[in-house]
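# Survey of secondary and tertiary structure
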Amino acid sequence: MLGTHLYANPEIDVQGNAISITDGALATYTSNNTNFGIVNIGNNMSNIFSIKNTGAGSLTVTSMSITGVNAPEFTFVTPPAFPFTVAASASQTFQVQFTPTGAGTRNALITINNNDLNESVYDFAIEG
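Attention here is on the structure that accompanies the text. Residue numbering note: each chain is counted from 1, following its sequence as written. In keeping with the model being predicted, local features are shown solely for residues with a pLDDT of at least 70 and side-chain atom pairs are shown and tallied solely at 80 or more, while totals for entire chains, interfaces and linings include all residues. Only hydrogens and water are set aside; all other atoms, that is, all heavy atoms of the structure, feed into the side-chain values.

Bringing the packing of aromatic side chains into the picture now. Centre distance within 6.5 Å is the pairing criterion for rings of Phe, Tyr and Trp, where only the six-membered ring of Trp is used; planes under 30 degrees apart are then read as stacked, over 60 as edge-to-face, and the remainder as tilted. Per the counting criterion, the structure on display carries 7 aromatic pairs. Their ring planes at 65° and their centres at 5.6 Å tell us that F36 and F74 sit as a pair that is edge-to-face. Highlighted residues: F36 in the loop between β2 (19-20) and β3 (45-53) and F74 in strand β5 (residues 74-77), separated in sequence by 38 residues. The buried label goes to any residue with under 20% of its type's maximum accessible area, the exposed label to any with over 50%, and the partly exposed label to all in between, with areas taken from a 1.4 Å probe on protein chains only. You can call F74 buried: its relative accessible area is 3%. Taking 5.8 Å as the distance between ring centres and 55° as the angle between the ring planes, the aromatic pair formed by F36 and F98 counts as tilted. Of this pair, F36 sits in the loop between β2 and β3 while F98 is found in strand β7 (residues 91-98), placing the two residues 62 residues apart along the sequence. For the residue pair F36 and F98, the accessibility class agrees, reading buried in each case. Ring pairing ties together the aromatic residues F49, F76, F94 and F124, which thus form one cluster. Helix numbers and strand numbers start at the N terminus; a helix is a DSSP run of H or I with at least 4 residues, a strand a run of E with at least 2.

Okay, here's the thing in structure tokens:
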């Protein structure tokens, strides 16, 4: 049957504070946890994100990374072992900690590699 396999596809939806973060988003907001706000040098702030699978098939996350000029100031707190699977209608949380080492706005990019057919490289900006 043509198209039957489409119903078993995974669909990734990354959220911060129960608000979806658009794949490829470069703007950051405190409301969805992508903007960590003002944090004093040497202190830290942690935000929690959720990888939701809104599709019918199993979502497999093969890797996650933080890149960019200020990437070392953002770290995953107890990252899950890769690869990991998120069942249909389930979710997996992860935490990111921001520890600024300098003054001014600090920027990075989170990338989540997965088996979603149209968002297999899901990325979004974070800043503090």
